[in-house]
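The chain contents come next:
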Amino acid sequence: MAKDPDSLAKDSVKAWLQESDPRELDRLWQQANEARRNNVGNEVWLRGLIEISNHCVRSCAYCGISQCAPATKKYRMGLKAILVAAKQALDFGFGTIVLQAGEDPGLTGPWMAEAVESIKSKTNLAITLSLGERSETDLKLWRQAGADRYLLRFETSDIELYRQIHPNLGRQSDRLAQLDSMRLMGYEIGTGVMIGIPGQTWDSLADDLLLFRQFDVDMIGIGPYLEVSGTPLAGELGSRLKSVSGGGQVPNDDLTTLKAIALARLLCPFANIPATTALATINPNDGRSLGLQRGANVVMPNMTPLEYRVLYQIYPGKAGLHETADISSKKIEGQITSLGRTIGRGPGASRRLLAPIQNPIAKS
Ligand code: 5AD
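As the structure is a computational prediction, the values presented were derived from the model and not from experiment. Throughout this description, residue numbers start from 1 for each chain and increase along the sequence as written. Two thresholds apply to this predicted model, a pLDDT of at least 70 for residue-level local features and 80 or more for giving and counting side-chain atom pairs, whereas whole-chain, interface and lining totals are computed over all residues. To obtain the side-chain values, all non-hydrogen atoms of the structure were used and water was disregarded.

(A) Fine view of the overall build of the protein. Each helix corresponds to a stretch of at least 4 residues labelled H or I by DSSP, and each strand to a stretch of at least 2 residues labelled E; elements are numbered beginning at the N terminus. Of the regular secondary structure elements, the protein holds 14 helices and 8 strands. Overall, the C-alpha framework of the protein stretches about 55 × 45 × 40 Å when taken along its three principal axes. The 364 residues of the protein split such that 59% are buried. The contact definition used throughout considers only heavy atoms, calling two residues in contact when any of these lie within 4.5 Å. Intrachain contacts of the protein at a sequence separation of at least 6 include 78% that bridge at least 24 residues. Per element, the accessible surface of the protein, about 14,200 Å² overall, is 52% carbon and sulfur. Side chains of the protein carry 41 positive and 39 negative charges; the gap between the two charge centres is 4 Å. With a 1.4 Å probe rolled over the protein chains alone, any residue whose accessible area is under 20% of its type maximum counts as buried; one over 50% counts as exposed, and the rest are partly exposed. Calculation of accessible area relied on Shrake-Rupley with a 1.4 Å probe; when residues are assessed, cover is drawn exclusively from the protein chains displayed. For the charge count, each Lys or Arg is scored as positive and each Asp or Glu as negative, with His and the chain ends excluded. Here the site of a charge means atom NZ of a Lys, CZ of an Arg, CG of an Asp or CD of a Glu.

(B) Just helix H5 (residues 136–145), in detail. Buried residues of H5: Asp138, Leu139, Trp142 and Ala145, and no others. Buried residues of H5 fall within an arc of 125° about the axis and therefore sit on the same side. For H5, exposure combined with an orientation more than 90 degrees from the buried face picks out Thr137 and Gln144. At the C-terminal side of H5, glycine 146 shows a positive phi close to 120°. Working note: the arc is built from the helix axis to C-beta atom directions.

(C) Spotlight on the packing of helix H1 (residues 10–17) against helix H8 (residues 202–215). At a minimum axis distance of 9 Å, the contact between H1 and H8 shows a crossing angle of 120°. As for how H1 packs across H8, the hand of that crossing is right-handed. For the pair H1 and H8, the contacting residues are Lys10, Val13, Lys14 and Leu17 in the first and Trp202, Asp203, Leu205, Ala206, Asp207, Leu209 and Leu210 in the second. Only Asp, Glu, Lys and Arg are considered charged in this grouping, and only Ala, Val, Leu, Ile, Met, Phe, Trp, Tyr, Cys and Pro are considered nonpolar; every other residue, Gly among them, is considered polar. Class assignment for the residues of the contact of H1 with H8 results in 7 nonpolar, no polar and 4 charged. Fitted lines through C-alpha atoms give the axes, limited to the stretch in contact for helices. The angle between two N-to-C directions lies from 0 to 180 degrees. By definition, turning the near helix anticlockwise from the far helix through less than a right angle yields a left-handed crossing, and turning it clockwise yields a right-handed one.

(D) Just the pairing of strand E5 (residues 188–195), in detail. The element E5 is largely enclosed, with a buried count of 8 among its 8 residues. The side-chain alternation of E5 yields two buried faces, one formed by Glu188, Gly190, Gly192 and Met194 and the other by Ile189, Thr191, Val193 and Ile195. Strand pairing is defined by DSSP finding a minimum of two bridges between the two strands. Sheet analysis places strand E4 (residues 149–151) next to E5, joined by 3 bridges and oriented parallel. From the neighbouring strand, tyrosine 150 faces E5, where its bridge partner is isoleucine 189.

(E) Geometry of the site of the ligand. By convention in this text, a residue qualifies as near a molecule or strand provided that one of its non-hydrogen atoms is within 4 Å of it. Taken together, Tyr62, Cys63, Gln100, Arg153, Glu155, Met194, Pro224, Tyr225, Leu226, Val228, Ile314 and Tyr315 make up all the residues around the ligand. By the criterion applied in these results, polar contacts are pairs of N or O atoms within 3.5 Å in which, for protein atoms, one can donate a hydrogen and the other can accept it, and in which residues neighboring in sequence qualify only through two side-chain atoms. Contact between the ligand and arginine 153: an oxygen atom at 2.9 Å from a side-chain N or O atom of the residue. In this structure, an oxygen atom belonging to the ligand sits 2.6 Å away from a side-chain N or O atom of glutamate 155. Protein contacts shield 87% of the accessible area of the ligand, which totals 400 Å² for the unbound molecule.

Structure (structure tokens):
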């Protein structure tokens, strides 16, 4: 296996991703955990997730709320309900809320700007937006209104695969271009990928991880792909893409997700990296704890009111789907303290802004 001793170059990243020797993997976990401790410390930051609308104009072939998924009842939260959830996050001691939705033009630029302003004036929480591909005008407006961060996963660096699973979406470079321009606007930027989408090869996943480093992103979300029945990727398109990638298909399992999280930590030592809900869904017992011990330093407890949460099923069986916000946040806080970690207080801004990127730890 070509594991470059002086860098995490592509061959080395690919070799790590396919490593199966438990002793070797222990070294990876240790290096990632040390890099996490040395660069972002022992705090785990809690970001309260509020899923504000499940309307979406897009047809992403994997997603349970897209146009090509079986229809679900649609909702869009009003400002009052959003404020109640934001206040709850504040009461729980969280420093950040994440407002997430499908790509919903009904959440207009001016309406969202007002919502951001209103939350800021009442809570002073850091605000992360995750609202899909939006115009420069909207993004500027929201930044001026006080939004601090924006999450937009590029999903895959393989342009052809991106095109196949995002019909009528334009080019993959749209999302990368949006990330670039949001950085210039002063947002902290976050991106990410799913592990094991049909058609994803070891080669393209290694490229994805290297792209995180190239973009020097502030936040990286990595979770396993979870099949949604009735979507094109669960059907013929998925089978076709898997057969094209032959033996090179990346599995959508927790082990590969954890390897990708560990490598993301080594490649981007200062990034904020969540132990994602998708990881906790695929491994309900230990997914979140293992993520936190292998590179992650963020958890995003769900604060969406239960009546809406059940309608925001981007994938099935989401962890914590029927738990109230206080129960799931208590449970998560218990997990964090039992690992000997502390709960971060305050906004938990990107450490990348304080220190330049360093060379990742070598693999021999
Ligand atoms: N399985 C796992 N993750 C998914 N996402 C969307 N659909 C799925 C799925 N079926 C992820 C995408 C998106 C994020 C909000 O959720 O990466 O960017």
